[in-house]
Structure formats: C-alpha cells, structure tokens
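Below, each chain spelled out in residue letters.
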Amino acid sequence: MALISQKSFQFYSSSIPASRSVLMTLSKRLSFISGQQKPQTCSYVAMRVLCFRDKSQYIFCRKNHVQLRIQSLSVNETVHLCGDTGSTTKPNNMWMEEQLFFKKLHRLCTSKEIFDFLGSLEVMSDTMASGALQRISEIEVDDSGLKNPEGVLENEVFRALCFQFEFESSKLSNTGLLNALQALIKLRVDPQSTLMARLLSEGEERLGKGQLTVKNLCALGESLLELEGPSCATLERIVSHMQEEDIEKWSPREMVMVYQMLQGTVREGQQYQDLLNRMNSVTLTMVSQLSPKFTSIVLNSLVVLHQTRAVHLVTALCKHSVKHVPYFTGDELVNVLEAFLYFGHREQIFTEALEAHVPRSVITMHPQTVSKVMQYCCQKRILSKPIFDAVAEGFISDADRFTTDQIAGYIIPFGTLNYVPPSASSLFRKLEAILHARLSHFQPHTLLNLLHSCVLIQRYPINFLPKVFSPYFLQQLQAQPPGLDRVATSQLMQLFLTVTLECPFYEGPKLLPKYQVKAFLTPQSSLDVHLLKRVKTGLLHLLKKRIYFASEVSTPYFYMVDIEIKLDEEGFVLPVAQCEEVHRRIALCVDGQTRFCVNSHNLLGEEAIKQRHLQLLGYEVVQIPFFEMESLQNCRKMAEYLHKKIFPHTFGLSC
C-alpha cells in the first residue's frame, strides 16, 4: 500500500497561526454544536494544531434520526491518514507497524480506549484508521443500533477522521476507502451526507476503471446492499465484473467473501445462479482447504441462497465439517447444524464428533448453540445419551439465565425422543421452579409444546394445566400464528386425555368440548405401508379370512390403530364388523423405523404415549417392531411369528 508522509497533510494547518491567543479564539468558535451554545474546553499541546470548516456540515443519524450538526472539526486529537499517492518507506519513528497496531487495537474493548489510542499516535495509514472505525462499530453497535451515539459521533477524533476521509477520498487506498465505508454504514452515518456520497462516488468510479480486486468488489457490494438493497443497479455491475474473473484462481477467502455478498441478493428473490453454479463447482475442489470459519460460512450461504442442487458440494462440506466440530465457534456450529437440517443430511461420524465435543463443553457453550444441537438431534431422531445427559446437567445448573425459547429447546427433545435422563428428578424440579417463576413469560405455543413434551415421558404438569385449558389461554393460542392448527389441537387433546387416563386425581378445568378433536394428527410417514402389508399378508395366512382383522382403524378414543382384532369371552376371533359379544380388543402396533430413534429400539414419544393410552383404554397392545421381522423371509414364518406374538398361549386358532 502506498503511503503519504505527515508533510502531505500540512496544508490543513498552514493557514492557522499556532499562537495561544488564536487557539483560544478558535476554541470559542468550536462551542456551537447542534445549534446550542455550549462552553467547551480546548486542550492543546505544542506541535498540535486545529483544523476547521466554517460552513460545511456532517449530519450523523441513528435509527431515530438524532442529528449532530458539526460546524467545526478538530484534528489535534487525531493523526493523519495515508493514501496511495506514492510509495514510501515507513520510518519506525513516525508510526507503529500495522501488525502491531491491529494487535493492540483488538485488545481494546471500548470506543473511548480506541479514541485515546488513536490520539496518542503521530501518524497512521488509511487502513489503520478505517480498521479503527470498524473496531468501534463492532463494539458500539448491537441489534438495537448504536449504543452510545453521543460518545462516538461527537468525539473529536471520530469527527476528524470523517473530515479527512471525506476530503481525501481520492487519495485513499481501496482497502481504506471501502473498510471506512462499511464501518460508517454500520455506525448509522447518514447515507445522504456529503461524507458518504463522496466515499460511494469514489468507490463507483474505481469500479468503472476496473481498479477493484475481488475483495474490494465484495466490500462495495455489501455496502450497496445495505444502503440500497438488492435492486441496486451498481450491484449488477459488480456481479458482471466478478463473472468476468477467472474464478478458478480465487483463493478460499475470496470465494467465501463472494458467497457472503451474494447472500444479500435473496431479499427480493434476486439470484445470480450462473455465477453461483461456477462458484459451487470450483468450491468443491477446495473444500479440504476450508477452515472451520470458512466451512461454516459457505454452508450458511448455500442455505440462504437455496442451493439445493449443489448436492456434491453440500455432501463434501458436511463430511469436511466433522473434523472441525471441536473448533467451531458457537455461531459457526449453529450454521453447520442448520445446513444439515435444511439439506436433510446426516452423518454418523458427525454425530460421533458431537458426542465427543458437546458433553465436555456444554457448560461453556452458549444456550442457543446447545438448543440448536438438541433441535438437530430431535429432528434427525438421534438419541445420543451422552449429549442428552450432559444437556440435562447443564439445564439444572444454568437454566435460570435461559430465555423461554432456550428452555423449551433444551426440554422438548427429551419428550420427542422418549428419553428420561438419570438426573430426571432434578431436571424436572428445576423446570417446575422456572415455570412457577416465569410462566407468564412463555409464548402460548412455546408453553404448549413444552408441557406436551413432558407428558410424553410421563412427567405431568398438573399445576400448569388450569392455565392451558383456560378460555383466555386458548384465545391467546388462537391469536398467535399458526393459531389453533391441527398440531396444537392434537397436543391439547393429548394433554386432556393424559390427565383423564393417567391423572385421575386431577380436579382442575378440563378442555372445552369445542376444542376437542375426533382424531390425532398422525404424520403420514409414521406408518410403514410396506411393513403393514407384510403383516396383513401374514395375518391372512394365520386367520385364513380377511374378515377377522381390520387395518388403520379409527377408534372412539382419538387414536388410530394399525390393525385391530376382536375376541369373544372364550377367546374366539370375531369378525371385525361384529359389535356384540366383544370381550377383548387387540391392537397391533406395526412400528416401522420412523417410529423409533435412529439406530435404536427406543420408541419415539408420540408412539409411546399412544400405546400407553390404548392399554389404559382397554386394548391389549401388541407391538410388532420392524427389527423383529427383518429375518422373516416368507409368509409362513411371518404367520408363525404373529401367532407367537398375538396368541402366545394358544396352540391352534378357532374363528
């Protein structure tokens, strides 16, 4: 990067006498800020001079458009920028090496510390100055905006930096120019100000001259997306420049930067698929070179950009991410897990890596990261006892600081996957204490999901059901999207059925009849049609006639039975159409793989509670799991197996 010595900036002070009286006069002129006369002290040191403008203004705005009208700017609290008008050697006695500068900069934790640090320097490069602005934006900006606008925007060092960035924009390096632009956008500087206009104009001029590298193009593109959105015409010029580039020569860092910039183009559905297709192909060849951070960013970009056809790249990235599991930051791991969920990918070795990492790190991991791990396990039906046991312990010790969504994220997978950890008594005591203290803080659907998951594993939230069954809560539930859909009404009905069958001592309010449904919502994938057909064929061989059993039977008790068989008092099998003299009802639960946790014989919570309730309703429940039938190769063996399962004490059958 070309540098300019301190002498290049002497014109700022050449017309200002350095006498004490003139400095004091100038101090008075600086007292008019934001239209209010306000005495200010003007500190000055030998060899430091003030620089000002008489008529020009900057207007810096926050989200609520607080304006700071600055009529004068002081450079005695800052140092001079270095552009790229020439190449000079950096004298050690004039400025700090950039590497040391940035090392110290990133150790500073407040904007005041940074301003004091800058004020202590004699000279700095434009990249150093723009880097300082970026660091300030990292510290001072959060989701709600600029945390301390007056402390930043009224600071003399900040104002002097802005002054020099504006009037020396043509002399700035590409990096200094575009980094400053990004930082000022993040700091909520008014896009209509002359400062921003000049920086943008300079960036677009260099774009037209073809002077910007891939990194520069990305920085300018992200700035334009932030200011003008994906419909910006200049953005198309930037992408056009990128398409002319030799993508095969891009470094992993450059590739990642372009992916990140293109993420912003999907806000209005605009995509540059031709460029993405080329990038996806080239990225596939460099997957092994990607760091944990880059792996996470690319996967996240593929999700945001809906790259569902990039199957080979997604698969390679998912496999590559396994070795990075211990090194991902919390946010990076969340991005990777979201990609696994979005693309429907699952790797056993990835699960094993999580099992090695999460239990020993769960106490230090952010609750949102742990919630995402649990969501991943839940949606993929992965019952990892090491992870679940560690998460339970983490909940017991730290749940008081969790948000309501995080609390639900920790607990719901236990019910969904039908797992009761060794620390269950302490776990649910903690949950009950939190619910007593913060019940009103939970969103209606979050609370319903949470309580429903508890009853799946026979943990009965008796003290909180009066609220759930109250008309007021049900109205809240209906008002909040997605409202009282089939999922919510099925959960309410299952809660009602649970307290009726399993908690006869409950005397509180019940679910109003108008909210009761006739049948539970059953996912189509939960019934293994192929397995059901095999069982029906075996039963036909065993019972000889199709009239002696029925399949997919809707019961008066809201559940659907896979296969039902009726017997009279003497044990004779009755035709399923017969309603009189029925003494026993047998419910066959034909449980395919989708009703179990992955690679496990552990039933999911929904199926476990169904079989439990059918027993309490008077059915004799016979489970026919897929893993017991895998070795049955023909109809005769299937019939023998069913005979032993359904009629274990009968040598022959009478119909």
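Definitions and limits used
Residues numbered from 1 in each chain as written. Predicted model: local features only at pLDDT ≥ 70, side-chain atom pairs only at ≥ 80, totals over all residues. Heavy atoms only, no water. Helix = DSSP H or I, 4+ residues; strand = E, 2+ residues; numbered from the N terminus. Buried < 20%, exposed > 50% of the residue type's maximum accessible area, 1.4 Å probe, protein only. Contact = heavy atoms within 4.5 Å. Areas by Shrake-Rupley, 256 points an atom, 1.4 Å probe, with all protein chains shown as cover. Arc of directions from axis to C-beta. Phe/Tyr/Trp six-rings, centres within 6.5 Å; stacked < 30°, edge-to-face > 60°. 1 Å grid on protein atoms, 1.4 Å probe; cavity = no way out; pocket = protein on both sides within 12 Å on 5 of 7 lines; lining within 4 Å. Points joined across faces, edges and corners; volume = space filled by probe spheres on them. Nonpolar A, V, L, I, M, F, W, Y, C, P; charged D, E, K, R; others polar. Axes fitted to C-alpha atoms, helices over the stretch in contact; angles between N-to-C directions. Parallel < 35°, antiparallel > 145°, perpendicular 65-115°, else oblique. Left-handed = near helix turned anticlockwise from the far one by under 90°. Salt bridge = Lys/Arg side-chain N within 4 Å of Asp/Glu carboxyl O. Pairing = 2+ DSSP bridges. Core = buried A, V, L, I, M, F, W, Y, C linked by side-chain atoms within 4.5 Å. Expected span 1.5 Å × (residues − 1). Polar contact = N/O pair within 3.5 Å; in protein donor to acceptor, adjacent residues only side chain to side chain.

A.B. asks: Can you walk me through the overall build of the protein in this structure?
C.D. replies: Within the protein, the secondary structure is distributed over 28 helices and 11 strands. Counting all 655 residues of the protein, 53% fall into the buried class. Long-range contacts, defined as pairs at least 24 residues apart, comprise 72% of the intrachain contacts of the protein with a sequence gap of at least 6. Element-wise, carbon and sulfur atoms account for 51% of the exposed surface of the protein, whose accessible area totals about 30900 Å².

A.B. asks: Looking at this structure, I do not really get helix 2 (residues 98-105). What am I missing?
C.D. replies: Note that an α-helix has 3.6 residues per turn; residues three or four places apart therefore point the same way. Where helix 2 is concerned, the buried positions are E98, F101 and L105. Angularly, the buried residues of helix 2 cover 60 degrees about the axis, an arc narrow enough to put them on a single face. Exposed residues lying more than 90 degrees from the buried face of helix 2 are Q99, L100 and K103. The secondary structure elements touched by the buried residues of helix 2 are helix 3 (111-119) and helix 4 (126-140).

A.B. asks: Just checking my understanding: could you explain the packing of aromatic side chains for this structure?
C.D. replies: The relation between two aromatic rings is expressed through the spacing of the ring centres and the mutual angle of the planes. In the structure shown here, the tally under the stated rule is 16 aromatic pairs. With a centroid separation of 4.9 Å and an interplanar angle of 90 degrees, the aromatic rings of Y342 and F343 are classed as edge-to-face. Taking 6.2 Å as the distance between ring centres and 80 degrees as the angle between the ring planes, the aromatic pair formed by F388 and Y419 counts as edge-to-face. Taken together, the residues F388 in helix 18 (residues 385-398) and Y419 in the loop between helix 19 (404-416) and helix 20 (424-438) connect sequence positions 31 residues apart. Taking the relative accessible area as the measure of exposure, F388 reaches 0% and is therefore buried. A connected cluster of aromatic rings, assembled from ring pairs, spans F101, F102 and F117.

A.B. asks: Looking at this structure, I do not really get empty space enclosed by the protein. What am I missing?
C.D. replies: Gaps left between atoms show up when a probe the size of a water molecule is rolled over them. Taken as a whole, this structure holds 1 cavity of 30 Å³ or more when the rule is applied. There is about 30 Å³ of room inside the largest cavity. Along its surface, the largest cavity is lined by V362, I363, M365, P367, G394, D398, R401, F402 and Y410. Residue composition of the lining of the largest cavity, grouped by class: 6 nonpolar, 1 polar and 2 charged.

A.B. asks: What should I look at first to understand the packing of helix 4 against helix 6 (residues 156-167) in this one?
C.D. replies: Pairs of packed helices are described in terms of their axes, by the angle between the two and the distance that separates them. Between helix 4 and helix 6, whose axes approach to 11 Å, the crossing angle comes to 130 degrees. Taken together, the axes of helix 4 and helix 6 are oblique relative to one another. The element helix 4 and its partner helix 6 pack so that their crossing is left-handed. Between helix 4, through D126, A129, S130 and L133, and helix 6, the contact on the second element is made entirely by F158, L161 and F165. Per-class residue counts for the contact of helix 4 with helix 6 are 5 nonpolar, 1 polar and 1 charged.

A.B. asks: Is there a simple way to explain the pattern of salt bridges in this structure?
C.D. replies: Close approach of charged atoms allows side chains with opposite charge to pair. Scanning all chains against the criterion turns up 19 salt bridges. We note a salt bridge from E156 to R159, for which the minimum N-O separation is 2.7 Å. Note that E156 and R159 are positioned in helix 6 at a spacing of 3 residues, about one turn of the helix. For E628, the salt bridge goes to K645, with nearest N and O atoms at 3.2 Å. Here E628, found in helix 27 (residues 626-629), pairs with K645, found in helix 28 (residues 635-646); they are 17 residues apart in sequence, far enough to count as distant. Taking relative accessible area as the criterion, K645 reaches 28% and is therefore assigned partly exposed.

A.B. asks: Would you explain the pairing of strand 7 (residues 550-554) in this entry?
C.D. replies: Regular strands place their side chains on alternate faces of the sheet. Pairing geometry for strand 7 and strand 8 (residues 560-567), over 4 bridges, is antiparallel. For A550, the partnering residue across the bridge sits in strand 8 and is E564.

A.B. asks: Looking at this structure, I do not really get the nonpolar core. What am I missing?
C.D. replies: Taken as a class, soluble globular proteins show a tendency for nonpolar side chains to be buried jointly. Counting residues in each nonpolar core, the largest one holds 166 residues, and the members touching the most others are F158, L262 and F395. In terms of nonpolar packing, the next biggest core, distinct from the first, is built from 29 residues, I565, L588, V622 and Y641 among them.

A.B. asks: How do you make sense of helix 20 when you look at a structure like this?
C.D. replies: For helix 20, with 15 residues, the first-to-last C-alpha span of 21 Å sits near the 21 Å given by 1.5 Å per residue. Looking only at helix 20, the buried set comprises A424, L427, F428, K430, L431, I434, L435 and R438. Buried residues of helix 20 fall within an arc of 150 degrees about the axis and therefore sit on the same side. Residues R429, H436 and A437 are exposed on helix 20 and point more than 90 degrees away from its buried face.

A.B. asks: Help me out: how do you make sense of the environment of L604 in this one?
C.D. replies: The topology assignment puts L604 in the loop between strand 10 (584-591) and helix 26 (605-616). Residue classification places L604 among the buried positions, given a relative accessible area of 14%. Between the C-alpha atoms of L604 and N418, which are 186 residues apart in sequence, the distance is 5.3 Å. Those residues within four positions of L604 in sequence are excluded, and the remaining contacts are R381, T416, L417, N418, T594, R595, F596 and C597.

A.B. asks: What's the story with unusual backbone geometry in this structure? I'm lost.
C.D. replies: One can expect most non-glycine residues to show negative phi and most peptide bonds to be in trans. Following P481, the chain continues to P482 via a peptide bond in cis, the omega torsion being 5 degrees. Looking at the secondary structure, you find P482 in the loop between helix 23 (471-479) and helix 24 (486-502). The phi angle at H306 is positive, at roughly 55 degrees, despite the residue not being glycine. For H306, the location among the structural elements is in the loop between helix 13 (292-304) and helix 14 (311-321). Since its relative accessible area comes to 46%, H306 is described here as partly exposed. A positive phi angle, close to 60 degrees, is found at R381, a residue other than glycine.

A.B. asks: What's the story with the side chain of S130 in this structure? I'm lost.
C.D. replies: Counting through the fold element by element, S130 comes out in helix 4. Accessibility expressed as a relative area gives 0% for S130, which makes it buried. Here T127 takes part through its backbone oxygen, which lies 3.1 Å from a polar atom of the side chain of S130.

A.B. asks: Explain the packing of helix 19 against helix 21 (residues 444-456) here, please?
C.D. replies: One way to put it is that helix 19 packs onto helix 21 with a least axis distance of 8 Å and a crossing angle of 30 degrees. Here helix 19 lies roughly parallel to helix 21, going by the angle between them. Our pair here, helix 19 against helix 21, has a crossing hand that is left-handed. Listed contacts from helix 21 to T404, D405, I407, A408, I411, I412, G415 and T416 of helix 19 are T446, N449, L450, S453 and L456.

A.B. asks: Please explain the environment of K112 as it appears in this structure.
C.D. replies: Secondary-structure assignment places K112 in helix 3. The sequence separation of K112 and N155 amounts to 43 residues, and the corresponding C-alpha distance is 8.9 Å.

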